[in-house]
Amino acid sequence: MLFERGRAGARPTPAGGRAVAYARRILRLLDVLSAEARSAARSDVAEGPLRIAAFRSAALHLLPPALERMRARHPGIEPHVRIVREVGRGTAGEVADGKADMAIATLGGSLPLPPGLVAHALLEEPYALVHAAGHAAPRSLPLVDWAENCGSYTRGWWAAQDWIPNATIEAEDDGAVLSLVSAGHGMAVMPALSLVGAADSVGITDLGSERPTRQVGYVTASELAGSTVVRAFVRELRATVSQWGEHAPPRGSIRPHA
């Protein structure tokens, strides 16, 4: 049964939701087939729409240079970007549901990758203690946090730190956290990508060799992984990350994956 009826009308069952997602992906494949056929006679040229999902800090710091590179090399690609909170199924869920062709996502969390998707790592970013610059005892400050921050890759480390209190301020995103921390309202534990371009009023303290890290990569549907538009964007995304490895961002240490 794909739908169940109630007083509020019909709504899809879990099986119905999966059927809708598969239908979206099938329709997208037909679009991709047409675009592939148009560009088949021209080598190394990609064209057509490309739907990208990304979480906020990736959209701020990875997407702009990667899109700029792609537009210069493949002006026929038409990117459509959705900024999605990296909680629950996050950006990978957008691909699984057929709403995006690829996603910039955090990898290695507790939720398994949905069936039919493939993932590849791009970079690894460490977490750091963030506080108002010049504060003598930042670990004594109250905690500022946000919902996307503590994934399963940090949970064990977090639970072992008896100096981290419960959050007294919970923000909607990492930008709000940085603003509050900069003004002296507390400290935070944040990943490096969120700290790129942080103001000089923000102090960043290394958490040592046992600090947690998280992987950032891209996720796409297995049937789209070989398409020219996805491969073109992945090349520019990897080139962007590689350049960061050669010229590290000033406010965070990010290591590209090979």
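Not measured: the values here are computed from a predicted model.

Things to note about the overall build of the protein chain
Here is step 1: On a plain count of helices and strands, the protein chain comes out with 7 helices and 12 strands.
Here is step 2: Out of the 258 residues in the protein chain, the part that is buried amounts to 47%.
Here is step 3: Taking the contacts inside the protein chain whose residues are at least 6 apart along the sequence as the reference set, 78% of them involve residues at least 24 apart.
Here is step 4: Approximately 12,900 Å² of the protein chain is accessible, and the part contributed by carbon and sulfur atoms is 54%.

Quick look at the pairing of strand β5 (residues 102–107)
Here is step 1: Buried residues dominate β5, accounting for 6 of its 6 residues.
Here is step 2: Side chains M102, I104 and T106 project from β5 onto one buried face, and the interleaved A103, A105 and L107 project onto a second face that is buried too.
Here is step 3: Pairing of β5 with strand β11 (residues 213–221) involves 6 bridges; the strand directions are antiparallel. Paired with A103 across the two strands is V219, which belongs to β11.

Quick word on the side chain of D174
Here is step 1: Relative to the helices and strands, D174 is located in helix α6 (residues 174–182).
Here is step 2: Polar contacts involving the side chain of D174 include one to the side chain of R56, which spans 2.5 Å.
Here is step 3: The residues touching D174, leaving out its near neighbours within four places in the chain, are R56, S57, W146, M190 and S194.

Describing the packing of aromatic side chains
Here is step 1: Overall, the coordinates contain 1 aromatic pair when judged by the stated rule.
Here is step 2: Between the aromatic rings of W157 and W158, the centroid separation amounts to 6.3 Å while the plane-to-plane angle is 75°, which identifies the pairing as edge-to-face. Summarising the burial analysis for this pair, W157 and W158 share the class buried.
Here is step 3: Stacked on the ring of W163, the Lys or Arg R139 has its end atom at 4.1 Å from the ring centre.

Some details on the pattern of salt bridges
Where charged atoms from two side chains of opposite charge come close, those side chains can pair.
Here is step 1: Within the structure shown, the criterion is met by 8 salt bridges.
Here is step 2: Between E236 and R73 there is a salt bridge whose closest N-O contact spans 2.9 Å. Taken as a pair, E236 in helix α7 (residues 228–246) and R73 in helix α3 (residues 63–73) lie far apart in primary sequence, 163 residues in all.

Points about the environment of E47
Here is step 1: Tracing the chain through its elements places E47 in the loop between α1 (14–39) and β3 (48–54).
Here is step 2: In this structure E47 comes out as buried when scored by relative accessible area, which is 16%.
Here is step 3: Remark: the alpha-carbon pair of E47 and V229, spanning 182 residues in sequence, is separated by 6.5 Å.

Digging into α6
Here is step 1: Taken together, the buried positions of α6 are D174, V177, L178 and V181. Summarising the axial view, the buried residues of α6 lie within an arc of 95°, below the 170-degree limit, and thus occupy one face.
Here is step 2: Its buried side turned inward, α6 meets α2 (56–61), β6 (117–132), β7 (143–146), β8 (167–171), β9 (188–191) and β10 (202–206).
Here is step 3: Where α6 begins, the side chain of D173 points an oxygen toward the backbone nitrogen of G175, at a separation of 3.0 Å.

Rules used throughout
- Residues numbered from 1 in each chain as written.
- Predicted model: local features only at pLDDT ≥ 70, side-chain atom pairs only at ≥ 80, totals over all residues.
- Heavy atoms only, no water.
- Helix = DSSP H or I, 4+ residues; strand = E, 2+ residues; numbered from the N terminus.
- Buried < 20%, exposed > 50% of the residue type's maximum accessible area, 1.4 Å probe, protein only.
- Contact = heavy atoms within 4.5 Å.
- Areas by Shrake-Rupley, 256 points an atom, 1.4 Å probe, with all protein chains shown as cover.
- Pairing = 2+ DSSP bridges.
- Polar contact = N/O pair within 3.5 Å; in protein donor to acceptor, adjacent residues only side chain to side chain.
- Phe/Tyr/Trp six-rings, centres within 6.5 Å; stacked < 30°, edge-to-face > 60°.
- Lys NZ or Arg CZ within 6 Å of the ring centre and 35° of its normal.
- Salt bridge = Lys/Arg side-chain N within 4 Å of Asp/Glu carboxyl O.
- Arc of directions from axis to C-beta.

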